Amino acid sequence: VTCLGCGLCSPCCAFDVNRDIMKEEHSLGTDPVEARFEKCQGFFGELMSCAACSACFLRCFACTLGNIAVDSIGAQELSGEAHRLSTACARLSR
């Protein structure tokens, strides 16, 4: 496994590959730490997915509100704040 295309093998990646090969050769399953790690990754992945969906919804809401209620100062302020919140959610989800 090469790191950043420089041709050097990353020790961490080499360890993971070696571990996977050993698990396969000895027919070992996933240990409890790996299972917890995978569950944790799945949980936070779902949170980030929700943040990305929220960002999309808020961006659409802000745009629609800004275009519909052009004469309302409060609606324009809300539209601006929703736009800022959508940007923050999008950055969080990356």
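This one's a predicted model, so the numbers in the text were calculated from it and none came from an experiment.

Student: Explain the overall build of the chain to me, please; I cannot follow it from the model alone.
Tutor: Broken down by element type, the chain carries three helices and zero strands. Sequence-ordered secondary structure for the chain, helices as α and strands as β, is α-α-α. Sequence separation of at least 24 residues holds for 38% of the intrachain contacts in the chain that already meet a minimum separation of 6. Put simply, the chain shows about 7,400 Å² of open surface, and 65% of that area lies on carbon and sulfur atoms.

Student: Would you take a moment to explain the packing of aromatic side chains for this structure?
Tutor: Two aromatic rings, taken as a pair, are described by how far apart their centres are and by the angle between their planes. If you walk through the whole model with that rule in mind, you get two aromatic pairs. With a centroid separation of 5.1 Å and 80° between ring planes, the pair formed by F43 and F44 is classed as edge-to-face. Under the relative-accessibility criterion, F44 is labelled partly exposed at 44%. Ring centres 6.5 Å apart and planes at 15° place the aromatic pair F57 and F61 in the stacked group. Here F57 pairs with F61, and both are found in helix α2 (residues 32-68), just four residues apart, close to one helical turn. On the accessibility criterion, F61 (36% relative accessible area) is partly exposed.

Student: Sorry, what's going on with α2 here?
Tutor: Spacing of three or four residues puts side chains on the same side of an α-helix, whose turn is 3.6 residues. When the terminal C-alpha atoms of α2 are compared, their 54 Å separation across 37 residues agrees well with the 54 Å that a helix rising 1.5 Å per residue should span. Every buried residue of α2 is accounted for by E34, A51, A55, L58, A62, L65 and G66.

Student: What exactly am I supposed to notice about helix α3 (residues 73-93) here?
Tutor: Compared with the 30 Å implied by 1.5 Å per residue over 21 residues, the 30 Å span of α3 between its first and last C-alpha is a close match. Turning to α3, its buried residues are A75, S79, A82, S86 and C89. The buried side chains of α3 occupy one side of the element, clustering within an arc of 85° when seen end-on. Set apart from the buried face of α3 by more than 90 degrees, the exposed residues are I73, E77, R84, R91 and L92. Buried-residue contacts for α3 involve α2.

Conventions and cut-offs
- Residues numbered from 1 in each chain as written.
- Predicted model: local features only at pLDDT ≥ 70, side-chain atom pairs only at ≥ 80, totals over all residues.
- Heavy atoms only, no water.
- Helix = DSSP H or I, 4+ residues; strand = E, 2+ residues; numbered from the N terminus.
- Contact = heavy atoms within 4.5 Å.
- Areas by Shrake-Rupley, 256 points an atom, 1.4 Å probe, with all protein chains shown as cover.
- Phe/Tyr/Trp six-rings, centres within 6.5 Å; stacked < 30°, edge-to-face > 60°.
- Buried < 20%, exposed > 50% of the residue type's maximum accessible area, 1.4 Å probe, protein only.
- Expected span 1.5 Å × (residues − 1).
- Arc of directions from axis to C-beta.

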